[in-house]
Amino acid sequence: MRAGLKKAGLPYLLLFPGLGWLLLFFALPLGFMLFESLKAGTPDSGFLFDWSVSNYSDAVSQFDEQFMRSFEFAGLATLISFVIGYPLAYVIAFRGGRWRNALLLAVIVPFFVTYLIRTLSWETILSDDGAVVSTLQTVGILGEEGRLLDTTASVVLGITYNFLPFMILPLYASLERIDPRLLEAGYDLYGRRRDVFMRVTLPLSMPGVVAGTLLTFIPAAGDFINAELLGTPRQSMIGNVIQSRYLEVGDYPTAAALSFILMGTMLAVVLVWARVAGTEALLGTEGEERRA
Amino acid sequence: MSHEGQGGAAPSVSLRGVTKRFGDFTAVRDMDLDVPRGQFFTMLGPSGCGKTTTLRMIAGFEEPSEGTVLLDGEDVTGLPAFRRPTNTVFQSYALFPHLSVERNVAFGLERRRVSKDEVRRRVGEELERVGLAREAKRKPRQLSGGQQQRVALARALVNRPAVLLLDEPLGALDLKLRKQLQIELKRIQQDVGITFIYVTHDQEEALTMSDFIAVMNRGVVEQLDGPEEIYERPSTTFVAGFIGVSNLMPGEVVSTGTGTAELRLDAGPTVRTGAAGATVGERAHAVVRPEKLQLHATNGTGPDGHPSVDGQVESSLYLGTATQVIVRLPDDTHMTVLVPNTDEEARRRLPAAGHGARLTWSTENIHMVRDLAAGAVHDDEGIKA
């Protein structure tokens, strides 16, 4: 390689495709959307740019219920995913043996089918005349009029199901990297199973916990498919509102403002969560990686 | 937990008929072993000889397929690691990367619910001992290899275990640091008086540090003795070959006496050696250490009356304090001779490469060794503490 080229800023040249992509497909649309969110008008008469900041406050006051519900559902789904995903990732990482890859594949395989089809299948499975409902009614867990579809439970479970792999895979990746000798050292130093898990395994898997919870929570909070297919308007989330404002009502400024509010809130949540749970653990294992 | 007060009757660690199998592979075979209290005890052998597996069974990381493990005379077979009064220094240290040096060292004490003040005091003392008091707040990754090794040692020793198990703890360090830490480890062991069981494949390390050495091969202990005995009087062909430079001359036993035997070497002469329990007609080896051999030119100047064997000088290497000469015997056995460079005049008279040479030795410096399968080795096993 010629020194001249190197000096001329090869790093910038290499950066260009990525940076260009980011500008063209992220920054620019975001700018358009910001522009859009500050317009005033009606779907019928059209919208004009007007520094109409009130779009934001109006959006919040009008749809605060859906906002709260989104975070509630996403939080619940993240929690359930964690409770299901951690033991699963743990078993695959430490007890998987030669079945490891097969088990991981089993986690991913359902996702070869598209999101929409999978969720539609759940609609069928949970439907009022489906086998699950009638079985639960027979054994008396569900009342005569009881149903599964169109409830909060069905929406939350749908979200959990759809984002579970995003929880399991990062957890697995961080658990799998833990040196088993560290666990032996824990037992050797008079640690019982619980001690070793709480003091060694869990702290060392924190990067996976942080990554997994974020990867589950962020898309879950913006999701609208599950609420649409497995719920009713009473379960509608902010994603449903944005979708209908854009595509059905044609109220672009409100939809854009809602998107920005969602983005801002998520960013705040991510930063706080990463600070509380992440930094120390992330730095700790990052160093371990560097040493190895 | 203090173990110093207990009577000296039981060995620190005893293995009784311990066998460990992994599938078809037998890592440790019917082992009986007593480790005397308060000693620096080394298990030495090539990789795959079962030394680390033995250590792991004492620590409680592996359970024996057969046999029992006793600590201070108490059967601990089947007890999990956290219930055993042993601590381990791991090969790659296994320091907790997310905890500071002092939190690493405090880990064991905290698990045993020692009061906070005492934990702080003992951790401080232990870090002082290994010279890392100033690094207490650091993370392991911020330390050098030698410092990490010291933290691992402090983390184990602070618990005052009945037995400290060390699995090739110096293996990852460079030679100079190894030498330094060997001396330091030995000093610490004498200082605290805890039984150390040290696993290594480095024979020099074993000879330097140990009170007792168990030389292991293929899952069995071939010889258990002090370093001097191991070096001077190896009892099997394997031990003779593994420790030091091997000068093994094959031959056949032609007669036996009390504690001696006569061996007709394949290289020609019949020699008298120290030996126990040999049978006439058996194949065996005579072993002489390189520094115990004298080298003469074969033009008749060699002293008569001494046992000797003739050969041809193959190469000669100046080592500074000594000259190493390789002599090939008629049966193609290669003998290494170490001639100290004390007399420049004598050094010049040494036969050059290609010339005939005669090797002589005193009878007390030659020993007969046999393969383990020939038996009699188990006489030496199990030291009376």
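Reference entry: report on the structure contained in this document. (Residues numbered from 1 in each chain as written. Chains lettered and ligands numbered in written order. Predicted model: local features only at pLDDT ≥ 70, side-chain atom pairs only at ≥ 80, totals over all residues. Heavy atoms only, no water.)

Re the interface of chain B and chain A
With 27 residues of chain B at the contact, the number on the chain A side is 23 residues. Interface area, chain B with chain A, both sides summed: about 2,500 Å², of which 58% is carbon and sulfur. Of all residues in chain B, Phe82, Arg111 and Arg141 of chain B bury the most surface against chain A, accounting for 26% of the area lost on that side. For the interface between chain B and chain A, the tally reads one salt bridge. For Arg56 of chain B, the salt bridge goes to Glu184 of chain A, with nearest N and O atoms at 2.6 Å. Run the count over chain B and chain A and you get seven residue pairs in polar contact (both at pLDDT 80 or more). Secondary structure elements with two or more residues in the side of chain B that touches chain A: helix H1 (51-59), strand E6 (86-89), helix H2 (101-111) and helix H4 (145-157) of chain B. By residue number, the principal contributor to the side of chain B that touches chain A is H2 of chain B, which donates four residues. Considering only residue class, the side of chain B that touches chain A consists of ten nonpolar, eight polar and nine charged. (Contact = heavy atoms within 4.5 Å. Buried area = accessible area lost by both parts, 1.4 Å probe. Salt bridge = Lys/Arg side-chain N within 4 Å of Asp/Glu carboxyl O. Polar contact = N/O pair within 3.5 Å; in protein donor to acceptor, adjacent residues only side chain to side chain. Helix = DSSP H or I, 4+ residues; strand = E, 2+ residues; numbered from the N terminus. Nonpolar A, V, L, I, M, F, W, Y, C, P; charged D, E, K, R; others polar.)

A word on unusual backbone geometry
With a phi close to 55°, Arg113 of chain B is a non-glycine residue in the positive phi region. Relative to the helices and strands, Arg113 of chain B is located in the loop between H2 and helix H3 (116-129).

Some points on the sheet that holds strand E1 (residues 13-22) of chain B
Residues and elements named next belong to chain B. In spatial order, the strands read E2-E1-E4-E5; together these four strands make up an open sheet with antiparallel pairing. The strands lining the two open edges of the sheet, one partner per strand, are strand E2 (25-35) and strand E5 (74-75). In the sheet, strand E4 (residues 66-71) pairs with E5 via two bridges, with the strands oriented antiparallel. The residue bridging Leu70 from the neighbouring strand is Asp75, located in E5. The strands touched by H1 within the sheet are E1, E2 and E4, with E1 carrying the most contacts at an inclination of about 115°. (Pairing = 2+ DSSP bridges. Axes fitted to C-alpha atoms, helices over the stretch in contact; angles between N-to-C directions.)

Considering the pairing of strand E1 (residues 39-42) of chain A
Two faces make up the sheet, and in a regular strand the side chains alternate between them. Residues and elements named next belong to chain A. Taken together, the four bridges between E1 and strand E2 (residues 46-49) define a ladder with antiparallel strand orientation. Residue Ala40 lies in a different strand from E2, and its bridge partner there is Leu48. Joining the antiparallel neighbours E1 and E2 is a turn of three residues.

A look at the sheet that holds strand E19 (residues 356-360) of chain B
Residues and elements named next belong to chain B. A sheet is described by the order of its strands in space; here five strands give the open sequence E15-E19-E16-E17-E18, paired in antiparallel fashion. Lying at the two open borders of the sheet, with one neighbouring strand each, are strand E15 (294-297) and strand E18 (334-340). Mean inter-strand twist for the sheet, computed between neighbouring axes without regard to direction, equals 45°. Bridge count for E15 against E19 is four bridges, and the pairing is antiparallel. Across the sheet, His296 pairs through a bridge with Arg358, a residue of E19.

Considering helix H10 (residues 206-221) of chain A
Between its first and last C-alpha atoms H10 of chain A spans 22 Å; for 16 residues at 1.5 Å apiece the expected length is 22 Å, and the two agree. Among the residues of H10 of chain A, those classed as buried are Met206, Pro207, Gly208, Val209, Val210, Gly212, Thr213, Leu214, Thr216, Phe217, Ala220 and Ala221 of chain A. (Expected span 1.5 Å × (residues − 1). Buried < 20%, exposed > 50% of the residue type's maximum accessible area, 1.4 Å probe, protein only.)

Points about a positive patch on the surface
Together, Arg192 and Arg194 of chain A together with Arg83 and Arg113 of chain B make up a region of like positive charge exposed at the surface. Residue placement: Arg83 of chain B occurs in the loop between E5 and E6. For Arg83 of chain B, a relative accessible area of 47% corresponds to the partly exposed category. (Patch = residues over 30% accessible without salt bridge, like charges linked within 9 Å, V, L, I, M, F, W, Y side chains within 5 Å. Areas by Shrake-Rupley, 256 points an atom, 1.4 Å probe, with all protein chains shown as cover. Lys, Arg positive; Asp, Glu negative; His and termini not counted. Charge placed at Lys NZ, Arg CZ, Asp CG, Glu CD.)

Quick word on the nonpolar core
If you look at the biggest cluster of nonpolar residues, it comprises 61 residues, and the most contacted ones within it are Leu33, Phe41, Met43 and Ile197 of chain B. No other element matches the six residues that helix H7 (residues 152-176) of chain A contributes to this core. With residues near it in sequence (within four places) discarded, Ile197 of chain B still touches Val13, Val35, Phe41, Met43, Leu55, Ile58, Val163, Leu164, Leu165 and Leu166 of chain B. If you look at the next biggest cluster of nonpolar residues, it comprises 34 residues, including Leu109, Val158, Leu170 and Ile188 of chain B. (Core = buried A, V, L, I, M, F, W, Y, C linked by side-chain atoms within 4.5 Å.)

Structural notes on the packing of helix H4 (residues 100-108) of chain A against H7 of chain A
Residue and element names in this part refer to chain A. Between H4 and H7, whose axes approach to 10 Å, the crossing angle comes to 160°. Between H4 and H7, the interaxial angle falls into the category roughly antiparallel. Read as a crossing pair, H4 and H7 show a hand that is left-handed. In contact with Arg100, Leu104, Val107 and Ile108 of H4, H7 contributes Pro165, Ile168, Leu169, Tyr172 and Glu176. Within the contact of H4 with H7, the residues separate by chemical class into seven nonpolar, no polar and two charged. (Parallel < 35°, antiparallel > 145°, perpendicular 65-115°, else oblique. Left-handed = near helix turned anticlockwise from the far one by under 90°.)

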